[in-house]
Amino acid sequence: MTQNPIVKPLVEVLSGRRQLVPPLWMMRQAGRYLPEYREVRAKAGGFLDLCFTPELAAEVTLQPIRRFNFDAAIIFSDILVIPYALGRSVRFEVGEGPRLDPLDTPDKVATLAAAADFSKLEPVFEALRRVRSELDPKIALIGFCGAPWTVATYMVAGQGTPDQAPARMIAYRHPEAFSKIIDAVVENSIVYLLGQLKAGADVLQIFDTWAGVLPPREFERWSIEPTKRIVEGVRKQAPGAKIIGFPRGAGALLPSYVEATGVNAVSIDWATEPSLIREKVQNRVVVQGNLDPLVLIAGGAALDQSIDDVLSNYADGRLIFNLGHGIQPETPIAHVEQMVRRVRAYGG
C-alpha cells in the first residue's frame, strides 16, 4: 500500500498551488504576548542566551504552534546573529534593543572579518533539528536571515535609529566601504541559510525591515541587488529553495523587487495599496500579509473587518495570511484566536 505524501499547505502555496483556506502564521509569533514565552525568557537570562540555547529556542518556537496550530513555525533567533558570527560585539539592552560596536567610518569597516565563524551559529541549527523532529509533518518550518541592507544599518549605527540615517550617510559618502559590509553579510547569509535548510527548514524568509527608508536608486543598489545575490547563492546549491522576501515599506517599488530578486513570495506591510499588489505582484508570486498588528490589539468588529479586507483583496490568488509586521507584546491571546477562527472559516 502506498502512503499518501504529506501535504504542507504553506509549501504547497509557495510551489504554485493556491489553497482554498490560506495558510496562516504570524511574524514574531514566538514572543512576549505569550505567558509561556515570558516564563522561558526569564529562565534563559539574556536574549542571546535564549537564541543560543537549543532546547529553549526550540521550546519557544513550538509554543505558538501548540496554542494556535499555525501552518508554519519560524525558528526563534535574531537577524543580528550574522554580525555576531562575524566577530562583532552584539548585546541586547533590556527595553532598548540591540547594541553593537558601530562601523561608522571606513577605517572601522576595514576591521570587519570577511568570513563568519559558523560554529557560533551551530545552536541555531541544533534548535532547527529539534523543532523539525517534534513538529507535525504538515506544519512548515521557516528559517530566516536579515537582508544585508537592514543588518548593515545596525552594524553601522550600532543600534536602531528612527530612519537609519547613519547607514544611509555612509552609503552615500563611502559606498566602497559600505559595500564591504554588504558583501560580508551577503556571502555569510548564503552559508547560514543553506545551513538552516540542511537542519530541516522548509522555507526561508529574508527580512528587510528598513527597506522603506531608501530612495529608488538606493533601494535597487542596497536592497534588491544584495537580496538577489542571496537568492541566487542559495539556489545554486539548493535549486528548489522556497524563499520569501520582506522589503518592508517598499510600496510602489515592490514589483521591481519581485521581478529582480527571484523570491517565491513577498511579504507586504499593512499600508500597501491592494490593487497594485493584485495587478503587479500577485500575478507573479505569492503574497504574504498584511493585517495591521494594531488592529490585532484592538480586536472586535475592527479586527473582523480587517481580516475580511485581507481575504477579499488577496485570497482569490495565492496568499499566505500573516501580519504586516511582527505581533506586538500587548496583543490579547483571545484576539489571535479570533483571527485564526475567521481565517480558517474562509473557503472561497
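Before any of the text, the structure's been laid out above.
Residues numbered from 1 in each chain as written. Predicted model: local features only at pLDDT ≥ 70, side-chain atom pairs only at ≥ 80, totals over all residues. Heavy atoms only, no water.

A. Structural view of the packing of aromatic side chains. Throughout the structure, instances matching the rule amount to twelve aromatic pairs. Seen from their ring centres, Phe47 and Phe76 are 5.7 Å apart, and the 65° between their planes marks the pair as edge-to-face. A residue pair is termed long-range when its members are at least 10 positions apart, and Phe47 in helix H3 (residues 47–51) and Phe76 in the loop between strand S1 (72–74) and helix H5 (81–85) qualify at 29 residues. The pair formed by Phe47 and Phe76 is uniform in burial state, with each residue classed as buried. The interplanar angle of 75° and the centroid separation of 6.4 Å between the aromatic rings of Phe207 and Phe246 together place this pair among those described as edge-to-face. Here the residue Phe207 occupies a position in strand S5 (residues 203–208), and Phe246 occupies one in strand S6 (residues 242–247), the gap between them amounting to 39 residues. You'll find Phe207 and Phe246 in the same group, each marked buried. Aromatic rings pair up to connect Tyr37, Phe47, Phe76 and Phe92 into one cluster. Against the face of Tyr84 rests Lys120, its NZ or CZ located 5.0 Å from the ring centre. (Phe/Tyr/Trp six-rings, centres within 6.5 Å; stacked < 30°, edge-to-face > 60°. Helix = DSSP H or I, 4+ residues; strand = E, 2+ residues; numbered from the N terminus. Buried < 20%, exposed > 50% of the residue type's maximum accessible area, 1.4 Å probe, protein only. Lys NZ or Arg CZ within 6 Å of the ring centre and 35° of its normal.)

B. Expanded view of helix H2 (residues 35–44). Of all the residues in H2, the buried ones are Tyr37, Val40 and Ala44. The buried residues of H2 occupy an angular sector of 70° when the element is viewed end-on, so they sit on one face. Of the exposed residues in H2, the ones pointing more than 90 degrees away from its buried face are Glu39, Ala42 and Lys43. Tucked into the core, H2 has its buried residues touching H3 and helix H4 (54–68). At the exit of H2 stands Gly45, carrying a positive phi of roughly 95°. (Arc of directions from axis to C-beta. Contact = heavy atoms within 4.5 Å.)

C. Main features of the pattern of salt bridges. One pass over the full model with this rule turns up 20 salt bridges. Linking Glu59 and Arg66 is a salt bridge whose minimum nitrogen-to-oxygen distance equals 3.0 Å. Note that Asp71 is salt-bridged to Arg344, the shortest N-O span being 3.1 Å. On the criterion of sequence distance, the pair formed by Asp71 in the loop between H4 and S1 and Arg344 in helix H16 (residues 333–344) is long-range, its members being 273 residues apart. Note on Asp71: relative accessible area 13%, which makes it buried. Taking the relative accessible area as the measure of exposure, Arg344 reaches 31% and is therefore partly exposed. Here the residues in one salt-bridge network are Glu122, Glu126, Arg129 and Arg130, joined through shared partners. (Salt bridge = Lys/Arg side-chain N within 4 Å of Asp/Glu carboxyl O.)

D. Spatial organisation of the packing of helix H15 (residues 300–314) against H16. Where H15 meets H16, the closest approach of the two axes is 10 Å, and the angle between their N-to-C directions is 40°. With respect to each other, H15 and H16 are oriented oblique. H15 and H16 meet at a crossing whose hand is right-handed. Mapping the contact onto sequence places Gly300, Leu303, Asp304, Ile307 and Asp308 in H15 and His335, Gln338, Met339, Arg342 and Val343 in H16. When its residues are assigned to classes, the contact of H15 with H16 shows four nonpolar, three polar and three charged. (Axes fitted to C-alpha atoms, helices over the stretch in contact; angles between N-to-C directions. Parallel < 35°, antiparallel > 145°, perpendicular 65-115°, else oblique. Left-handed = near helix turned anticlockwise from the far one by under 90°. Nonpolar A, V, L, I, M, F, W, Y, C, P; charged D, E, K, R; others polar.)

E. Just the pairing of S5, in detail. In terms of residue burial, S5 counts as a mostly covered element, since six of its six residues are buried. By the alternation rule, side chains of S5 split into Val203, Gln205 and Phe207 and Leu204, Ile206 and Asp208, which are all buried. Looking at chain direction, strand S4 (residues 140–146) and S5 are connected through five bridges and run parallel. For Ile142, the partnering residue across the bridge sits in S5 and is Val203. (Pairing = 2+ DSSP bridges.)

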